[in-house]
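Now for the letters of each chain:
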Amino acid sequence: MPQFDDFDHESHMRRAVALAGEAADRGDRPFGSVLVRDDELIAEASNRVVTAEDVRRHPELDLAARARRELDSDARAETAMYTSTEPCPMCAGGIRHARLGRVVYSVAGDELQEFTGRNPPVSSAEILDGTTEVVGPVLNEAGRAVHEGFDW
C-alpha cells in the first residue's frame, strides 16, 4: 500500500497551481494537475478547453486517461493526483474509472462558486467514494489566488 501521507504534498500542489496559472495566462480556465507515484511526478497537465477547442481537455481527465493507457491497475492504485481545484463530476468519473489511489485538491468545488457565481457541482468525494480517497484543501490560499486573478 502506498504511503501517500509521506508524499511532499506542498511541492506537488505548488506545481499543480503553477500549471493552473499557465493555463490562465494562455487563455484557458485556471486548472492544473499532476500525477505522482512513489512521491515522484510522472505526468502533468493544464486546462486546454479553450485553446484546444475541446470540452474534454480538463487536466484531471487528461491525466486519468493517460494513467489508464500507461499504468496497470496496481500502479494506478499507488498513484495520487494533485489538482489545483477539486475535480468536476466529469473528471471525477474519469478518475473513478482509472481507480487512482488518491486525489488531493487545493480549492474545493463549493469554494469555486465564490469566483464563478455558479452553484457548486456534486463533490468529487461523493463520486469517488469507495474507489479513490479525496483529501483537501492543501495550499488553499495559493490555489484561491489563481482564481482571484482570473476574469471569471
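Report follows, based on the coordinates. From a predicted model like this one, the values you see are computed outputs, not experimental measurements.

Structural notes on the pairing of strand β4 (residues 102-107)
So, point 1. Of all the 6 residues making up β4, 6 are buried; the element is thus mostly covered by neighbouring parts of the structure.
So, point 2. This β-α-β element, strand β3 (residues 79-85) to helix α4 (residues 89-98) to β4, shows right-handed connectivity.
So, point 3. Sheet topology places β4 next to strand β5 (residues 133-135); 3 bridges connect them, and they run parallel. Bridge pairing links arginine 102 to glutamate 133 in β5.

What about the packing of aromatic side chains?
So, point 1. Per the counting criterion, the structure on display carries 3 aromatic pairs.
So, point 2. For the ring pair phenylalanine 4 and phenylalanine 7, a centre distance of 5.4 Å and an interplane angle of 80° mean the geometry is edge-to-face.
So, point 3. One aromatic cluster in this structure is built from Phe31, Phe150 and Trp152.

Structural notes on the pattern of salt bridges
So, point 1. Counted by the stated rule, this structure contains 12 salt bridges.
So, point 2. As a salt-bridge pair, arginine 15 and glutamate 44 come within 2.8 Å of each other at their nearest N and O atoms. Residue arginine 15 is found in helix α1 (residues 9-26), and its partner glutamate 44 is found in strand β2 (residues 40-46); the two are separated by 29 residues along the sequence.
So, point 3. In this structure, arginine 37 engages glutamate 78 in a salt bridge whose closest nitrogen and oxygen atoms are separated by 2.7 Å.

Some details on the sheet that holds β4
So, point 1. Overall, mixed pairing links the 5 strands, which are arranged β2-β1-β3-β4-β5 in an open sheet. A strand with exactly one partner marks an edge of an open sheet, and here the two such strands are β2 and β5. In this sheet, adjacent strand axes meet at a mean angle of 20° when their direction is disregarded.
So, point 2. By the bridge criterion, 5 bridges tie strand β1 (residues 32-37) to β3 in an arrangement that is antiparallel. By the bridge assignment, valine 36 is partnered in β3 with alanine 80.
So, point 3. Packed onto the sheet, helix α7 (residues 140-148) meets β3 and β4 and runs at close to 60° relative to β4.

Comments concerning helix α2 (residues 59-70)
So, point 1. Taking 1.5 Å as the rise per residue, α2 with 12 residues should run 16 Å; its terminal C-alpha atoms sit 16 Å apart, in good agreement.
So, point 2. Turning to α2, its buried residues number three or more, namely Pro59, Glu60, Leu61, Leu63, Ala64 and Ala67.

What counts, and where the lines are drawn
Residues numbered from 1 in each chain as written. Predicted model: local features only at pLDDT ≥ 70, side-chain atom pairs only at ≥ 80, totals over all residues. Heavy atoms only, no water. Buried < 20%, exposed > 50% of the residue type's maximum accessible area, 1.4 Å probe, protein only. Helix = DSSP H or I, 4+ residues; strand = E, 2+ residues; numbered from the N terminus. Right-handed = clockwise from strand over helix to strand, strands pointing away. Pairing = 2+ DSSP bridges. Phe/Tyr/Trp six-rings, centres within 6.5 Å; stacked < 30°, edge-to-face > 60°. Salt bridge = Lys/Arg side-chain N within 4 Å of Asp/Glu carboxyl O. Axes fitted to C-alpha atoms, helices over the stretch in contact; angles between N-to-C directions. Contact = heavy atoms within 4.5 Å. Expected span 1.5 Å × (residues − 1).

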